[in-house]
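Descriptive analysis of the structure
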Amino acid sequence: MDTLTHALSGVLVLNAARGRVDRPRLLAVAVAAAFPDLDYLLILVDPLAFLNLHRGPTHSLVLLPLWAGLLSLPLAPLLGIRWRECFALCALGLLVHIAGDWVTLYGTKLWYPLSDRAFALRASFDVNPWIAVVVVLAVLLGHWWRARASAFLGLGLIALLLSAQNWLGSQATRLAVQRVDEQGNGSARVLALPQPLSPFHWALVVGRGDGYEMAYVDLLGLWSGDASLRPWVARMFAAYRAPGDLEWRLYPAPSQTPLSAEAWAQPRFAGFRRFAELPVLLGVDPSPQECCVWFTDLRHLLPTLPASFRYGLCKTGDGTPWRPYRLRYFTAGVRQAL
């Protein structure tokens, strides 16, 4: 979820628990519910470390008491709240944030540092405008009407939305299973990945020995059309196909070629290997001056848009060392040395 939705979700849950409360207590829980996303600053320092630490230390149930205590030290005297109560409010806000990220595609490392495993329900994309709208409206309604009743109404709608999207995900998964059955590869891994903007849009992933097959589906079959449409939202929606008209594309494994295998195995690239759950070879840019090999993770590959996570290595010739890079978000090829 986005940071603002996290903060307001903390307010919504506090309203449900205690009814109307004063502004200092609302502010305390909102600050705590937004706090874990402070780890976004890591991308400015070390983008490769960001991949594995984002939604790690600040999103951990194990470390939650530590963060609640540290946040309470300045917030309690600043807001005029007793430290113990401020600690409870901060713990509530942190817990709401962690739960909000657990339901997403990216997930969160609940037991960090005891375990580096990310847990993800995959019922929602990382940014969900429908849930954001419900949260905002429920908080505003609680300000004008009954805070507790409004909060329970909002939380009920959110639970209904997530349940419905989780069910839609199971329907999308069936389409991926049908693809496996058609190929006669019963042991293949299948996934249905939620997409942004519409709960009916899913990315279907089928594992193969030489990589992954991927198709974009619109379960309602309403938006399929000309992918050259403008603006970009219409182009992206048009790329999703009706269930009976899926277009499967093969994304090769990182070690598909000797050159990509060499680059993929580089010690300096271990951070991306650890992060990527569905790693694929994105492309090779050979030139007389420099050769670059790029990889991505299919979890965040949206149609008609550049992949969110594009990491790779480049070298200037035989015998020279590989150097890691990332391509910046929403650019065609603006790269940053790591």
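In what follows, the structure referred to is the one given above.
Residues numbered from 1 in each chain as written. Predicted model: local features only at pLDDT ≥ 70, side-chain atom pairs only at ≥ 80, totals over all residues. Heavy atoms only, no water.

Observations concerning the pattern of salt bridges
One pass over the structure, following the stated rule, counts 17 salt bridges. Here Arg208 and Glu213 are joined by a salt bridge, their closest N and O atoms 3.5 Å apart. Ionic pairing is found between Arg335 and Glu290, a salt bridge with its closest N-O pair at 3.0 Å. With Arg335 in strand E9 (residues 335–337) and Glu290 in the loop between strand E5 (279–285) and strand E6 (291–297), the pair connects residues that are 45 residues apart, well separated along the chain. The partly exposed category is assigned to Arg335, whose relative accessible area is 32%. (Salt bridge = Lys/Arg side-chain N within 4 Å of Asp/Glu carboxyl O. Helix = DSSP H or I, 4+ residues; strand = E, 2+ residues; numbered from the N terminus. Buried < 20%, exposed > 50% of the residue type's maximum accessible area, 1.4 Å probe, protein only.)

Brief notes about the packing of helix H1 (residues 3–18) against helix H7 (residues 129–144)
Across the interface, H1 lies against H7 with an axial gap of 9 Å and an inter-helix angle of 45 degrees. If you check the angle between H1 and H7, you find them oblique. Where H1 crosses over H7, the handedness of that crossing is left-handed. In this structure, H1 contributes Thr5, Leu8, Ser9, Val11 and Leu12 to the contact, and H7 contributes Ala132, Val135, Val136, Ala138 and Val139. (Axes fitted to C-alpha atoms, helices over the stretch in contact; angles between N-to-C directions. Parallel < 35°, antiparallel > 145°, perpendicular 65-115°, else oblique. Left-handed = near helix turned anticlockwise from the far one by under 90°. Contact = heavy atoms within 4.5 Å.)

Observations concerning the sheet that holds strand E3 (residues 211–218)
A sheet is described by the order of its strands in space; here 4 strands give the open sequence E1-E2-E3-E4, paired in antiparallel fashion. Looking at strand neighbours, the two that pair on one side only are strand E1 (190–194) and strand E4 (249–252), the edges of this open sheet. The mean angle between the axes of side-by-side strands here comes to 25 degrees, regardless of whether they run parallel or antiparallel. Direction of pairing for strand E2 (residues 201–208) relative to E3: antiparallel, over a ladder of 8 bridges. Across the sheet, the residue bridging to Val206 is Glu213, located in E3. Packed onto the sheet, helix H8 (residues 147–183) meets E1, E2 and E3 and runs at close to 35 degrees relative to E2. (Pairing = 2+ DSSP bridges.)

Quick notes on unusual backbone geometry
Here the bond from Tyr112 into Pro113 is cis, since omega is 5 degrees, no more than 30 degrees from zero. Mapped onto the fold, Pro113 is located in the loop between helix H6 (83–102) and H7. We note that Leu197 has phi near 75 degrees; this positive angle belongs to a residue other than glycine. Note on placement: Leu197 falls in the loop between E1 and E2. Within the chain, Thr304 stands out as a residue other than glycine whose phi angle is a positive 70 degrees. Within the secondary structure, Thr304 sits in the loop between E6 and strand E7 (310–315).

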